[in-house]
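# Results of the structural survey
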Amino acid sequence: MRKVMTGHKAVAEAMRQIEPDVVAVYPITPQSEIAEYYADYVHNGRVRTELVPVESEHSAMSACVGAAAAGGRVMTATASQGLALMVEILYIASSMRLPIVMALANRALSGPINIHCDHSDAYLARDAGAVQIFTESAQEAYDYTLIAQRLAERKGVSLPVIVNLDGFTLTHSVQVVEPLKDEVAKRFVGTYTPNYPLLDVEHPSTWGPFAMPDYYFELKRAQVAGMEAVPEAFLEIQKAYEEETGRKYQGYFEPYRLEDAERALVVMGSTAGTAKVVVDKLRDAGEKVGLLKMWMYRPFPYAAVAEALAGVKQVAVLDRALSFGAYGALYTDLAAAFVHRDQAPALVNYIYGLGGRDTTPEQLTQVFEEMSSVKPDQGLHYIGLRE
Amino acid sequence: MQEIRWHGRGGQGAKTVSQILAQINLREGKHVQSFPEYGPERSGAPVRAYNRIATEEILVHSGVYTPDVAVVVDETLLETENPGDGLKADGTLIVNTTCSPDDVRRRTGFEGTVVALNANKIADDAGTGFPNIPMLGAVAAVLGCELQVVEDEVRETMGAKLSSDILDKNLVALRGGYDAAKGVSVGR
């Protein structure tokens, strides 16, 4: 049944249906309502989750690590500075191969302090060893929270998964969302059997050990193997989601009108929706333009992205965060995807939307218009910046 | 697609009625968005909220700059918030005021359709005191929503939180706003 709800509510509903054993969470704008809705479910007896109201995000992730190592199904949610505080422990969660699923309400990192959306928090956690998924709408945030749970818990993957949704634009905006029936969602997510639960005292295991130069490297390589198992699992779980729910998500990214496109944007998050409107309008005017919207950002699907964009002449890669002294992180990934290929589009890097700066259809139209005359290797370009 | 911009003050419930309007439009089978503009949040500060209403899926996620309807819940925002800014020439400005439509045109510089209603009085007479609900009624009338659909949604949304007495008073306030604006429909 179609309902109107905020992105917060959509994510909280998915969490309610997943009904994890433990949710350890600390409120932070623009994530707070997820924590509030979930606390409401717990205290009204709608879920049997143990809610741990911790004193900081560092503690939130620490409690998640403990609960997940014990063998529980564990979730959390955060944003911006909260994620920054979590990152120390997030590295440990991924190294311990704990399938913690986390909603990240994307918000700019301080300073200056700002509460609005950009992707600097997601990029901060880029190398922490968590799978990262980006979503365009509240509906996608809902669907991918369910998909993320199965992905995280897949044997061979066993990693934390971050589901990104743009702060305010998606978290606080009321949109049409069609949640699944509880029994359908629960059946899809299934039950969780932990690998080596700490509380299984009949089979004692060592968690979080000291690893010196003789073992550290091999343990990190094992984490790489977990990431390497993600792409195949991602597609399989999307397929299962379609079979069990009728909702079709296919691929690591959504190609939008890319066939025969000569110019294309690559973008993550809610701005992809605005870009689709622009693509449709320019297509109506006979222009061969398209869009590639990332879902799976980590691991990065290099080969698939390169193949999807192989025939495109010019590609503008839109990063919603800076990597000071370097190109944007998404641009760098795109460049790496094409580095050994004969056929590659000219790439140009745009920085947009920092600290919640609005990105309009008119601005994206302009990007398409100027793309062909912008020479590669001219550094960063900015959308909607006063200079 | 139609776009609506609400001007209110923190605590007046502009965001709340923007969300209820989205629910009304959903009942009509439309696609909707409703989102507030967030700044430093404090009671009494000017706030804006927005609605998008369309027959097809709404993909755009940027701000609203050229609304079809602008709604002013608090008259003191008429000059300071420039509610006519970007408002389409064939759009409608709906204002909670004791002034005439011509006065509103003079004060805002907007020369198109103006709906002026005293939502404060409607709310006071109904015994609720909050002008947001009569303004919701007025907006729904201008958009051409059926009163029954509007009432059903308000009854369902607010009924969960309010006593039946207060709910009934709110429904009176809603109808008062709806009736005051009826006949100025801009079509859909």
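So, how was this worked out
- Residues numbered from 1 in each chain as written.
- Chains lettered and ligands numbered in written order.
- Predicted model: local features only at pLDDT ≥ 70, side-chain atom pairs only at ≥ 80, totals over all residues.
- Heavy atoms only, no water.
- Pairing = 2+ DSSP bridges.
- Helix = DSSP H or I, 4+ residues; strand = E, 2+ residues; numbered from the N terminus.
- Axes fitted to C-alpha atoms, helices over the stretch in contact; angles between N-to-C directions.
- Contact = heavy atoms within 4.5 Å.
- Phe/Tyr/Trp six-rings, centres within 6.5 Å; stacked < 30°, edge-to-face > 60°.
- Lys NZ or Arg CZ within 6 Å of the ring centre and 35° of its normal.
- Buried area = accessible area lost by both parts, 1.4 Å probe.
- Salt bridge = Lys/Arg side-chain N within 4 Å of Asp/Glu carboxyl O.
- Polar contact = N/O pair within 3.5 Å; in protein donor to acceptor, adjacent residues only side chain to side chain.
- Buried < 20%, exposed > 50% of the residue type's maximum accessible area, 1.4 Å probe, protein only.
- Core = buried A, V, L, I, M, F, W, Y, C linked by side-chain atoms within 4.5 Å.
- Domains from an automatic or database assignment.
- Right-handed = clockwise from strand over helix to strand, strands pointing away.
- Nonpolar A, V, L, I, M, F, W, Y, C, P; charged D, E, K, R; others polar.

## Regarding the sheet that holds strand β15 (residues 380–382) of chain A
Residues and elements named next belong to chain A. Reading across the sheet, the six strands line up as β9-β11-β10-β13-β14-β15 and stay open at both edges, with mixed pairing between neighbours. The sheet is open, and its two borders are formed by β9 (253–256) and β15, each paired with just one other strand. Strand-to-strand twist in this sheet, taken as the mean axis angle between neighbours without regard to direction, amounts to 25 degrees. Inspection of the sheet shows β9 paired to strand β11 (residues 289–294) by four bridges, in the antiparallel sense. Considered in β11, the bridge of glutamate 254 is made with lysine 293. On top of the sheet, helix α10 (residues 271–284) reaches β9, β10 (263–268) and β11; it is set at about 165 degrees to β11, its chief contact.

## Describing the packing of aromatic side chains
Working definition: an aromatic ring pair is given by the centre-to-centre distance plus the angle between the planes. Residue and element names in this part refer to chain A. In this structure the tally under the stated criterion is 14 aromatic pairs over all chains. Between the aromatic rings of tyrosine 297 and phenylalanine 300, the centroid separation amounts to 6.4 Å while the plane-to-plane angle is 90 degrees, which identifies the pairing as edge-to-face. Sitting over the face of the ring of tyrosine 297, arginine 298 holds its NZ or CZ atom 4.6 Å from the ring centroid.

## Some words on the interface of chain A and chain B
On the side of chain B, 19 residues touch chain A, which itself brings 22 residues to the contact. Approximately 1,700 Å² of surface area, both sides summed, lies buried where chain A meets chain B, with 62% of it carried by carbon and sulfur atoms. On the chain A side of the contact with chain B, A:Arg2, A:Val4 and A:Val174 bury the most area, a combined 31% of that side's loss. Along the contact surface separating chain A from chain B lie zero salt bridges. Where chain A packs against chain B, one counts six residue pairs in polar contact (both at pLDDT 80 or more). Examining the composition of the side of chain A that touches chain B, we find that four residues originate from one element, α10(A), more than from any other.

## Digging into helix α12 (residues 329–338) of chain A
For the α-helix, the turn length of 3.6 residues means that residues three or four positions removed from each other point alike. The buried fraction of α12(A) is high, at seven of ten residues. A:Ala329, A:Leu330, A:Tyr331, A:Asp333, A:Leu334, A:Ala337 and A:Phe338 are the residues of α12(A) that are buried.

## Focus: the nonpolar core
A:Leu146, A:Leu309, A:Leu330 and A:Leu334 are the most contacted members of the largest nonpolar core, which has 108 residues in total. When residues in this core are grouped by element, the largest group, nine residues, is from helix α6 (residues 138–153) of chain A. When residues of this core are assigned to domains, at least three map to each of domain 1 (3–244) and domain 2 (253–382) of chain A. Discounting chain neighbours no more than four positions away, the residues touching A:Leu146 are A:Ala14, A:Gln17, A:Ile18, A:Leu180, A:Ala185, A:Phe188, A:Val189 and A:Tyr241. Of all hydrophobic cores here, the second largest spans 37 residues; its members include B:Leu21, B:Ile24, B:Ala49 and B:Leu167.

## Concerning the pairing of strand β6 (residues 131–134) of chain A
All names here are of chain A. The two faces of β6 match: Val131 and Ile133 on one face and Gln132 and Phe134 on the other face are all buried. Across four bridges, the pairing between β6 and strand β7 (residues 161–166) is parallel. Looking at the pairing, glutamine 132 lines up with isoleucine 162 of β7. The parallel pair β6 and β7 is bridged by α6, and the resulting crossover is right-handed. When β6 meets strand β12 (residues 296–298), the two strands line up antiparallel, connected through two bridges. Residue pairing across strands places isoleucine 133 opposite methionine 296, the latter belonging to β12.

## Considering the pattern of salt bridges
Residues and elements named next belong to chain A. Taken as a whole and assessed by the stated rule, the structure comprises 38 salt bridges over all chains. The partner of glutamate 19 in a salt bridge is arginine 48, with the nearest N and O atoms 3.2 Å apart. Placement of the pair is glutamate 19 in the loop between α1 (7–18) and β2 (22–25) and arginine 48 in the loop between α2 (32–43) and β3 (50–53), with a sequence separation of 29 residues. As a salt-bridge pair, aspartate 280 and arginine 257 come within 2.9 Å of each other at their nearest N and O atoms. With aspartate 280 in helix α10 and arginine 257 in the loop between β9 and β10, the pair connects residues that are 23 residues apart, well separated along the chain. Residue classification places aspartate 280 among the partly exposed positions, given a relative accessible area of 23%. If you follow the salt bridges from partner to partner, you end up with Glu136, Glu140, Glu254, Lys276 and Lys293 in one network.

## Quick look at the side chain of A:His172
Turning to its location among the elements, A:His172 is positioned in the loop between β7 and β8 (174–177). Here A:Thr171 takes part through its side chain, which lies 2.7 Å from a polar atom of the side chain of A:His172.

## Re the domain arrangement of chain A
Residue and element names in this part refer to chain A. Annotation of chain A at the domain level lists domain 1 (3–244) and domain 2 (253–382). For domain 1 versus domain 2, the distance between C-alpha centres works out to 27 Å. Listed by partner, the interface residues are 26 residues for domain 1 and 25 residues for domain 2. Summing both sides of the interface, domain 1 and domain 2 together bury roughly 2,000 Å²; the carbon and sulfur share of this comes to 59%. Inspection of the domain 1/domain 2 interface yields four salt bridges. A salt bridge links arginine 320 to aspartate 166, with the nearest nitrogen and oxygen atoms 3.7 Å apart. Counting across the interface, domain 1 meets domain 2 through 14 residue pairs in polar contact (both at pLDDT 80 or more). Elements with a contribution of two residues or more to the side of domain 1 that touches domain 2: α5 (120–124), β6, α6 and α9 (230–245). Its residues placed into classes, the side of domain 1 that touches domain 2 shows 13 nonpolar, eight polar and five charged.

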